[in-house]
Amino acid sequence: MLLDKFFKFLKINTESPFFLTIDLGSETLKVLLNEVIVEENEEKVRVKNVYKEFVSSDISYYGKVVDSNKLKDILNKILTDIKKDMKGNSVSNVIVTLSGNNCRSIMTTLQIDRPKSSPISEKENNEISQKVFEAAYKELSAVIRDESGEENVEFELVDFIPVYMTCDGREVIDLLGEEGNEVQVCYSVFFGLSETMSTYKKLLKPLGLNIVSFVSTNTAILKSLKTSKKDKIDCVILDIGGNTTEAIICFGGGVYLNKVLDIGGSDLTYELASKLNLSFLNAEKVKRLYTFNKLKEKESAVVQKVILYNLNNWLVGLEELFSDFTHVKVFPSDFYVLGGSSELPDITELLFEEPWTKSIPFKSLPEFKRIDFSSLKKLNKAQIERPSEDLIPILVSIEYLEKRKR
């Protein structure tokens, strides 16, 4: 007891500074070993190592766990490697990445009439938030029903971002203590698929790992674009994953809605493997060599022909996906493209060709943008040369600094 008081007095964190970020994609299980350090009098994240293992479709399909026992074996292998590299240091805290169909986001606005104009108490403030979450859940369930016809898909609340709050028409930063008869709140609410979250809990607990939080990639990406909580950023975010492409539409500093197309970078790899008679891993290597212009001219031409044919089909699907945002009259022109396959030069060329942009009501000709590692204030400066495929799990890792304080 005395020792606890002593540490509290000195403000020493007795917890291990190390934590893991688990990112399960369509073909890869990626685990980041991170360390919380103090740099320039501020807590930051340093990525000590990244561990990757190939995951077949009979283990993970579109980011959902199919065989938890086989996934556990792969994770155990990674944890054994981490233990060797840690040299006696312990690590048990984990944050888990949720993306694509495993995490859906929606913006919900709710108006509440109060019979009296007394100050809003903490209890009432919590009740208002709960009403917003319930309304968001109903709205998201309706969206999923329209998309797939599925009923009663279960989700759990993982995060939210206030977009705006007003009392009698006055915009306020926090409802607590405010007075007014008419309250209006607008939140972006992030839900994780219950089935996926439950699988992770059952998988990680026997391994001695403590899930600090599930983190929506939408939340992590959006927060990286905002320099302050008041930023009213409008943008389109396109996350090109393994088997999916996720379109995230943002207005007023919050996510309006995300939708998922079941085509991604791995589909290109599989097609290359088929056409060139290669294994998946070798086809992935060829794709990366092509991306960075390291193939011979004839080889590059063959690879490009396969890629362009499939990308044109992808673009058709993307056009249909954007047309499904039926309540969006005009899309923002700031257009961020992320994900490992976003580095393919053909993707950026096709995305910003005029014929495609003419079919979608953008505010103006879309402007291609990236998130630069050097702009991440909570990331250790030595990390800015990392490959772009590490960007999203690193953004999720940065969220650990906030989640562990809650």
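Conventions used here
Residues numbered from 1 in each chain as written. Predicted model: local features only at pLDDT ≥ 70, side-chain atom pairs only at ≥ 80, totals over all residues. Heavy atoms only, no water. Helix = DSSP H or I, 4+ residues; strand = E, 2+ residues; numbered from the N terminus. Rg over C-alpha atoms; globule rule 2.2 N^0.38 Å. Contact = heavy atoms within 4.5 Å. Areas by Shrake-Rupley, 256 points an atom, 1.4 Å probe, with all protein chains shown as cover. Pairing = 2+ DSSP bridges. Axes fitted to C-alpha atoms, helices over the stretch in contact; angles between N-to-C directions. Core = buried A, V, L, I, M, F, W, Y, C linked by side-chain atoms within 4.5 Å. Buried < 20%, exposed > 50% of the residue type's maximum accessible area, 1.4 Å probe, protein only. Salt bridge = Lys/Arg side-chain N within 4 Å of Asp/Glu carboxyl O. pLDDT = per-residue confidence, 0-100. Expected span 1.5 Å × (residues − 1). Parallel < 35°, antiparallel > 145°, perpendicular 65-115°, else oblique. Phe/Tyr/Trp six-rings, centres within 6.5 Å; stacked < 30°, edge-to-face > 60°. Lys NZ or Arg CZ within 6 Å of the ring centre and 35° of its normal.

## Observations concerning the overall build of the protein
Next, step 1: Tallying secondary structure elements over the protein gives 11 helices and 16 strands in all.
Next, step 2: Its C-alpha radius of gyration of 23 Å places the protein within 12% of the 22 Å reference for a compact globule of 406 residues.
Next, step 3: Considering only C-alpha atoms, the protein reaches an extent of 75 × 60 × 45 Å along its principal axes.
Next, step 4: Put simply, 69% of the contacts in the protein that link residues at least 6 apart link residues at least 24 apart.
Next, step 5: Counting only carbon and sulfur atoms, one obtains 50% of the accessible surface of the protein, whose full area is about 20,600 Å².

## Comments concerning the sheet that holds strand β11 (residues 210-216)
Hydrogen bonds between backbone atoms are what pair the strands of a sheet, whose relative direction is either parallel or antiparallel.
Next, step 1: The five strands lie next to each other as β3-β2-β1-β6-β11, forming an open sheet whose pairing is mixed. Both outer strands of the open sheet, β3 (42-54) and β11, are each paired with one neighbouring strand and no more. Neighbour-to-neighbour, the strand axes of the sheet open up by a mean angle of 25°, direction not taken into account.
Next, step 2: Bridge count for strand β2 (residues 28-39) against β3 is 12 bridges, and the pairing is antiparallel. Looking at the pairing, V38 lines up with E43 of β3.
Next, step 3: Its contacts with the sheet put helix α5 (residues 217-225) on β6 (93-98) and β11, and the angle it makes with β11 is roughly 65°.

## Some thoughts on unusual backbone geometry
The phi torsion of most residues other than glycine is negative, and most of the peptide bonds are trans.
Next, step 1: Phi angles above zero are rare outside glycine, and N41 is one such case at about 60°.
Next, step 2: In the Ramachandran plot, N152 falls in the positive-phi region, its phi being about 60° despite a non-glycine side chain.
Next, step 3: Structurally, N152 is set in the loop between α3 (122-148) and β8 (155-167).

## Concerning the nonpolar core
Next, step 1: Ranked by size, the top nonpolar core spans 65 residues in total, and within it L20, L29, L75, I82, L204, I237 and I371 carry the most contacts.
Next, step 2: Broken down by element, the residue count for this core peaks at eight residues, all from helix α11 (residues 391-403).
Next, step 3: When near neighbours in sequence (up to four residues on either side) are disregarded, L75 contacts I22, L29, V31, L203, L204 and L207.

## A short note on the pattern of salt bridges
Two side chains bearing opposite charge may form a pair once their charged atoms approach each other closely.
Next, step 1: The final tally for this structure, using the stated rule, is 26 salt bridges.
Next, step 2: For the salt bridge of K77 with D81, the shortest nitrogen-to-oxygen distance reads 3.9 Å. Of the two residues, K77 and D81 both sit in helix α2 (residues 68-86), four residues apart, roughly one turn of that helix.
Next, step 3: Classification of K77 by relative accessible area gives partly exposed; the value is 44%.
Next, step 4: Each of the salt bridges in this network shares a partner with another, and the network as a whole consists of K30, K52, R288, R386, E389 and D390.

## A short note on the pairing of strand β15 (residues 334-338)
For a regular strand, the rule is simple: side chains alternate between the two faces of the sheet.
Next, step 1: With four of five residues buried, β15 lies mostly within the body of the structure.
Next, step 2: Direction of pairing for strand β12 (residues 235-240) relative to β15: parallel, over a ladder of four bridges. Looking across to β15, one finds that D239 is bridged to L338.
Next, step 3: Relative to strand β16 (residues 367-369), β15 runs parallel, the two sharing three bridges. Note on β16: the bridge partner recorded for F335 is F368.

## Looking at the confidence of the model for the protein
Next, step 1: Averaged over all residues, the pLDDT of the protein equals 88, while 95% of them reach at least 70.
Next, step 2: The spread of mean pLDDT over the elements of the protein runs between helix α1 (residues 2-10), the lowest at 38, and strand β10 (residues 182-193), the highest at 96.
Next, step 3: Note on residues 1-14: pLDDT under 50 across the span, and three contacts to partners over four residues away in sequence or across chains.

## So, α3
Next, step 1: Compared with an ideal rise of 1.5 Å per residue, which puts 27 residues at 39 Å, α3 spans 39 Å between its outermost C-alpha atoms and is within 8% of the ideal.
Next, step 2: All of the buried residues in α3 are N125, I128, S129, V132, F133, A135, A136, L140, V143 and I144.
Next, step 3: The inward-facing, buried residues of α3 contact β7 (103-113), β8, β10 and β14 (254-261).
Next, step 4: Looking at the residues trailing α3, positive phi occurs at G149, about 80°.

## Section: the side chain of S213
Next, step 1: With respect to the helices and strands, the residue S213 is situated in strand β11.
Next, step 2: Once residues lying within four places of it in the same chain are set aside, the contact partners of S213 are V94, I95, V96 and K403.

## Comments concerning the packing of α5 against α11
Next, step 1: Direction vectors running N to C along α5 and α11 enclose 85°, while the axes themselves pass 9 Å from each other. Comparing their axes, α11 and α5 come out roughly perpendicular. Taking contact as the criterion, the partners of T217, T219, A220, I221, K223 and S224 in α5 are, on α11, I392, L395, V396, E399 and E402.

## Digging into the packing of aromatic side chains
Next, step 1: Scanning all chains against the criterion turns up 16 aromatic pairs.
Next, step 2: Ring geometry for F133 and F160: centres 5.1 Å apart, planes at 55°, overall tilted. With F133 in helix α3 and F160 in strand β8, this residue pair connects regions lying 27 residues apart in the sequence.
Next, step 3: We classify F160 as partly exposed; its relative accessible area is 33%.
Next, step 4: Between F322 and F325 the ring centres are 6.1 Å apart and the planes differ by 55°, which places this aromatic pair in the tilted class. Residues F322 and F325 agree in their burial class; the two are buried.
Next, step 5: Counting every residue linked through ring pairs, the aromatic cluster contains F322, F325, F331, F335 and F362.
Next, step 6: The ring of F325 carries the charged tip of K259 above its face, separated from the ring centre by 5.8 Å.

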